[in-house]
Amino acid sequence: MSMYYLFVTAAMAIFFLFIGTKVIVSNKPLLIPSKIFIVLVLFALLPKVIFIFKYQLSSPVDLGLIAYISPLITIALIVFCWIQLKGYIAIGISDDSFRNSLHYALRKNSIEFEEQLSLIKLKDIKTDLQVSVQSWMGTGQFKLKNSKDSHLLAKLIPGINEFFLANTIKPNNTISIFYVVLGLLMLILAGSFYSSIQR
């Protein structure tokens, strides 16, 4: 189990360092699928769930339903987040750069739209693009509302990336710096795990 924690911690450290340094070094915003974060949380919490179930099975005392409450809550939270975190997360954006990139991608794909508060109505497709921006952190998220057409989002991604590359956009590096610091701390933690295993 110690090796597993070492692997997960090191993998998460590399992931956060990669995201943070890529945005800072390239000086361009970055798009990533939202569900990557859920996968990271799943790998981080999986040992806890497995340990509790193994303890319950090997325990001479029957703890009943109480022993399963914690892992079941954990699993329920992961499933809930998996359902909620659809779409993509943009890192290093501002209000204007994020909005303009979405408009560019929609026009490039000849999709008529009408912008409303936290929502872009796609007229031809009769669905909505839900948009949320945390400008002080430099992050934004967009996902389809009440639609299962995942191919539509995939069509928008090249246009958004093209806009980021073609225009001079000064990224908001607040969250990127946080990810770099977090990645370094996790790398130190992974090193301490490795040292304890070698003893």
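The rules behind the values
- Residues numbered from 1 in each chain as written.
- Predicted model: local features only at pLDDT ≥ 70, side-chain atom pairs only at ≥ 80, totals over all residues.
- Heavy atoms only, no water.
- pLDDT = per-residue confidence, 0-100.
- Helix = DSSP H or I, 4+ residues; strand = E, 2+ residues; numbered from the N terminus.
- Expected span 1.5 Å × (residues − 1).
- Buried < 20%, exposed > 50% of the residue type's maximum accessible area, 1.4 Å probe, protein only.
- Phe/Tyr/Trp six-rings, centres within 6.5 Å; stacked < 30°, edge-to-face > 60°.
- Pairing = 2+ DSSP bridges.
- Axes fitted to C-alpha atoms, helices over the stretch in contact; angles between N-to-C directions.
- Contact = heavy atoms within 4.5 Å.

Per-residue confidence for the chain gives a mean pLDDT of 82, with 84% of residues at or over 70. When the elements of the chain are averaged for pLDDT, helix α2 (residues 35-58) gives the smallest value, 72, and strand β2 (residues 88-91) the largest, 92.

Further remarks concern helix α6 (residues 174-198). Helix length check: α6, at 25 residues, gives a terminal C-alpha distance of 37 Å against a target of 36 Å (1.5 Å per residue), a fit within 8%. Of all the residues in α6, the buried ones are Ile175, Ser176, Tyr179, Val180, Gly183, Met186 and Ala190.

Any aromatic ring pair is given by two values, namely how distant the centres are and how the planes are angled relative to each other. In the structure shown here, the tally under the stated rule is nine aromatic pairs. Here Phe15 and Phe37 contribute two aromatic rings whose centre-to-centre distance is 5.8 Å and whose plane-to-plane angle is 80°, an arrangement assigned as edge-to-face. Here Phe15, found in helix α1 (residues 2-26), pairs with Phe37, found in helix α2; they are 22 residues apart in sequence, far enough to count as distant. Neither residue differs from the other here; Phe15 and Phe37 are each classed as buried.

For helix α4 (residues 95-108), spanning 14 residues, the distance from its first C-alpha to its last is 20 Å, which sits close to the expected 20 Å at 1.5 Å a residue. After α4 finishes, the residue Ser110 shows a positive phi value of roughly 55°.

Of all seven residues in strand β6 (residues 139-145), six are buried; the element is thus mostly enclosed. Examined bridge by bridge, β2 and β6 share four bridges and lie antiparallel to one another. The residue bridging Ala90 from the neighbouring strand is Gly140, located in β6. In the sheet, strand β5 (residues 127-134) pairs with β6 via seven bridges, with the strands oriented antiparallel. Within β6, the position partnered with Gln130 by the bridge is Lys143. From the end of β5 to the start of β6, which pair antiparallel, there are four residues, and Gly138 there has a positive phi angle of about 85°.

Looking now at the sheet that holds β5. Pairing between sheet strands relies on hydrogen bonds along the backbone, with the strands arranged either parallel or antiparallel. One open sheet holds the six strands; their spatial order is β1-β2-β6-β5-β4-β3, and the pairing between them is antiparallel. Both edges of this open sheet fall to β1 (30-33) and β3 (113-116), since each of them pairs with a single strand only. Taken over all neighbouring pairs, the strand axes of this sheet differ in orientation by 20° on average, direction set aside. Bridging between β1 and β2 involves four bridges; their strand directions are antiparallel. Its bridge partner lying in β2, Pro33 is registered against Tyr88.

The residue Thr139 is located in strand β6 in this model. When sequence neighbours within four positions are dropped, the list of residues in contact with Thr139 reads Ala90, Ile93, Val133, Gln134 and Ile175.

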